[in-house]
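A closer look at the structure
This is what each chain is made of:
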Amino acid sequence: MQYTKTIFLKNNEECLLRNAVGADAEEIHDLFNLTHAQTDFLCTYPDENLFDTSQEQKILTEKISSGNEIELCAVVNGHIVGTAGMKPVGKKDKVKHRAEFGISIEKSCWGLGIGRALLASCIACARKAGYSQLELNVVAENERAISLYESAGFVEYGRNPRGFRSRTAGFQEVLSMRLELETDPRW
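All chains use their own residue numbering, which begins from 1 and follows the written sequence. Per-residue local features are limited, in this predicted model, to residues with pLDDT of at least 70; the limit for side-chain atom pairs, both in listing and counting, is 80 or more; totals at the level of whole chains, interfaces and linings are taken over all residues. Values shown for side chains rest on all heavy atoms present in the structure; no hydrogens or waters enter the calculation.

Describing the overall build of the protein
Regarding its fold elements, the protein presents four helices and eight strands. Numbering of helices and strands runs from the N terminus; a helix is a DSSP stretch of H or I covering at least four residues, while a strand is a stretch of E covering at least two. Counting helices and strands in the order they occur from the N terminus, the protein gives β-β-α-α-β-β-β-α-β-α-β-β. Atoms considered for the radius of gyration are the C-alpha atoms alone. The globule rule reads 2.2 Å times the number of residues to the power 0.38. In summary, the protein has a C-alpha radius of gyration of 16 Å against a globular reference of 16 Å for 187 residues, a match within 12%. For the protein, the spread of C-alpha atoms along the three principal axes comes to 45 × 40 × 35 Å. Summary of the burial criterion: residues with accessible area below 20% of their type's maximum are buried, those above 50% are exposed, and those between are partly exposed, where the area comes from a 1.4 Å probe applied to protein chains only. Relative to its 187 residues, the protein shows a buried fraction of 42%. Residue contacts follow a heavy-atom distance rule, with two residues in contact if any of their heavy atoms lie within 4.5 Å. Across the protein, the fraction of contacts at a sequence separation of at least 24, relative to all contacts at a separation of at least 6, is 61%. With residues, only the protein chains shown are counted as cover, and all accessible areas are computed by Shrake-Rupley using a 1.4 Å probe. Accessible surface computed for the protein: about 10600 Å², of which carbon and sulfur atoms make up 50%.

Section: the side chain of Asn49
Along the chain, Asn49 turns up in the loop between helix H1 (25-38) and helix H2 (53-64). Exposure remark for Asn49: the relative accessible area of 18% places this residue in the buried category. Residue contacts for Asn49: discarding those within four places in its chain leaves His29, Phe32 and Asn33.

Examining the sheet that holds strand S4 (residues 79-88)
Pairing between strands is defined by DSSP: at least two bridges between the two strands are required. The mixed open sheet is built from eight strands, whose spatial order is S1-S2-S3-S4-S5-S6-S8-S7. Only two strands of the sheet have a single partner each, and these edge strands are strand S1 (4-8) and strand S7 (155-166). Averaged over all pairs of adjacent strands, the angle between their axes in this sheet comes to 25°, without regard to strand direction. By the bridge criterion, seven bridges tie strand S6 (residues 133-139) to strand S8 (residues 170-180) in an arrangement that is antiparallel. Looking across to S8, one finds that Asn137 is bridged to Ser176. A fitted line through C-alpha atoms represents every axis, and for helices the fit uses only the stretch in contact; the resulting angles, taken between N-to-C directions, go from 0 to 180 degrees. Here H1 sits on the sheet in contact with strand S3 (70-76), S4 and strand S5 (98-105), set at roughly 90° to S4.

Section: the nonpolar core
Where a protein is soluble and globular, its nonpolar side chains tend to be buried together. Among buried residues, those of type Ala, Val, Leu, Ile, Met, Phe, Trp, Tyr and Cys that are joined through side-chain atoms within 4.5 Å constitute a nonpolar core. Counting 39 residues, the largest nonpolar core has Met86, Ile114, Leu134, Tyr149 and Phe154 as its most contacted members. Mapped by element, the contributors of at least two residues to this core are strand S2 (14-19), S3, S4, S5, helix H3 (114-128), S6, helix H4 (143-151) and S8. Per-element accounting of this core gives the leading share, eight residues, to H3. If we skip the residues at most four places from it in the chain, Ile114 touches Leu9, Cys15, Ala74, Val76, Val81, Ile105 and Cys109. Counting eight residues, the second largest nonpolar core, distinct from the first, contains Ala20, Ala25, Leu31 and Cys73.

Quick look at the pairing of S1
Pairing between S1 and S2: five bridges, direction antiparallel. Across the sheet, residue Phe8 finds its bridge partner in S2, namely Glu14. In textbook terms, the turn of a hairpin is the stretch between consecutive antiparallel strands, and for S1 and S2 this stretch comprises five residues, one of which, Asn12, has a positive phi near 70°.

Brief notes about the pattern of salt bridges
Throughout this description, the term salt bridge denotes a Lys or Arg side-chain nitrogen within 4 Å of a carboxyl oxygen of Asp or Glu. For the coordinates displayed, the defined rule picks out 12 salt bridges. Note that Glu62 is salt-bridged to Lys58, the shortest N-O span being 3.4 Å. In this pair, Glu62 and Lys58 are both assigned in helix H2, four residues apart and thus about one turn of the helix distant. Glu180 is the salt-bridge partner of Arg178, the closest N and O atoms lying 2.7 Å from each other. With relative accessibility at 28%, the residue Arg178 sits in the partly exposed group. Residue Glu180 is classed as partly exposed on the basis of its relative accessible area, which comes to 44%.

Right under this line is the structure:
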């Protein structure tokens, strides 16, 4: 699935939203490690990164030709500062209508509108791919993210009080949220 869009951030800087491609693998890998060190709200720590640069390159190359998943990056001043993606929950008939969403943004770029733009782009791509539901998990203490998701129409459908076990904060409650994508009111 192909995607490209240029936006202007709250600080009036230009931001290019585009597919992350194989040539971005090293920068994406480094950004993953950076963003996962900057907050305790993401699912993994940098030392748990299971992919090396060559594996990342292969994954990104495969996603370019996929019709039902995408990995986007946000580029500001020639540097990737955020990523977001959506992929199928599974391939079986009972779950192939569902996609899951994930996002991470370099902390120095929080509050500029990059998260909102990446989220909107992934929602548009999920609709284009034919999904009827987009899902995500978010730490209950991450009020900024929850507010963003709610403003896009996501609703909470469950909580796991011991969803994450932080190395520094102990157990973290994780909210499950979903967005219904179908426009047919009968669904």
